[in-house]
Amino acid sequence: MQRIRLRYTKRGRLRFTSHRDFQRAFERALRRAEVPMAYSAGFTPHPKVSYANAAPTGTGSEAEYLEIALAETRDPQTLRRLLDESLPDGLDITDAVEARTSGLADRLTASVWELRLDGADPEDVRQAVETFLAAETVEVQRKTKNGIRTFDTRAAVVELTSAAAPGDPQGDRPLDSACAILRLVVRHVTPAVRPDDVLSGLRAVADLAPPVPAAVTRLAQGLFDEESGTVTDPLAPDREAVTAAPSTAAETASATAPGAGTA
């Protein structure tokens, strides 16, 4: 059984699709692309697809990950192209690699987010960020299925910076007279600290309240490198392992080539 790991995006209006919506769209794409999926056993077999740390509904993302198991060997890049063509624009498969290591989910320990605050004064945002970072704890509340939960957002934030937004005629929203961009690097902790929790923290410590909801996009997620302070590509170990050894597809092609095994 071959395992393929995929990176995909949620762009534009497709950021408002829920995780369940994406699952349905992806399973339809698997059928359209005639992917030879491996299925679970039991009375109700289902395709073996593992999703990892999906972004919240309403947020865009350039770095979502999943893993599929195949009953037959396929070239990862050909598979990526076929699946990408079978999905709607905005749900784009941008990378594929044969899984040669374990623990993809364990390598998703941090995320890089961009928060576009239309109508917010950049100087007010800068001062709010300084106040947030200077605080030892920033407690916020979130409603959960078990009731209201209070937790600290400050400890999970590795980096938080602000800047005035440049003009972006291709963006999801028009550029107002005032606009600020936040860049956030946050660790994946329990309970999870989401971008909207950090915005709640900025409101709590500095009374920052943008006039319209923030446009939030995940730029990257992966293993947080303590030395460099960066979030690394979680597919890199698999890519390096494939480079170091021939892929399953290459081995199969070699074994079945005319004249294989002859002197």
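Calculation notes
Residues numbered from 1 in each chain as written. Predicted model: local features only at pLDDT ≥ 70, side-chain atom pairs only at ≥ 80, totals over all residues. Heavy atoms only, no water. Core = buried A, V, L, I, M, F, W, Y, C linked by side-chain atoms within 4.5 Å. Buried < 20%, exposed > 50% of the residue type's maximum accessible area, 1.4 Å probe, protein only. Contact = heavy atoms within 4.5 Å. pLDDT = per-residue confidence, 0-100. Helix = DSSP H or I, 4+ residues; strand = E, 2+ residues; numbered from the N terminus. 1 Å grid on protein atoms, 1.4 Å probe; cavity = no way out; pocket = protein on both sides within 12 Å on 5 of 7 lines; lining within 4 Å. Points joined across faces, edges and corners; volume = space filled by probe spheres on them. Nonpolar A, V, L, I, M, F, W, Y, C, P; charged D, E, K, R; others polar.

### Section: the nonpolar core
When a protein is soluble and globular, its nonpolar side chains tend to lie buried together. Grouped together as the largest cluster of nonpolar side chains are 25 residues, with contacts concentrated most on Leu 115, Val 125, Leu 160, Leu 182, Leu 184 and Leu 202. The contacts of Leu 202, once residues within four sequence positions are left out, are Ala 128, Val 129, Phe 132, Leu 160, Leu 182, Asp 207 and Leu 208.

### Details of the confidence of the model for the protein chain
When pLDDT is averaged across the protein chain, the result is 89; 89% of the residues are at 70 or more. At the level of individual helices and strands, the protein chain shows its lowest average pLDDT in helix 6 (residues 248-256), which scores 48, and its highest in strand 4 (residues 93-98), which scores 98. Scored below 50 in pLDDT, residues 168-173 shows nine contacts in the model against residues more than four places distant or in partner chains. Scored below 50 in pLDDT, residues 253-263 makes two contacts in the model with residues more than four places away or belonging to other chains.

### A short note on empty space enclosed by the protein
Applying the stated rule across the entire model yields one cavity of 30 Å³ or more. Approximately 50 Å³ is the volume found for the largest cavity. Tyr 8, Lys 10, Thr 17, Ser 18, His 19, Phe 22, Ala 54, Ala 55 and Glu 64 are the residues that line the largest cavity. Elements with a minimum of two residues in the lining of the largest cavity: strand 1 (2-10) and helix 1 (19-32). Per-class residue counts for the lining of the largest cavity are four nonpolar, three polar and two charged.

### Topic: the side chain of Asp 238
Positionally, Asp 238 belongs in helix 5 (residues 236-244). Asp 238 gets classed as buried once you look at its relative accessible area, which sits at 0%.

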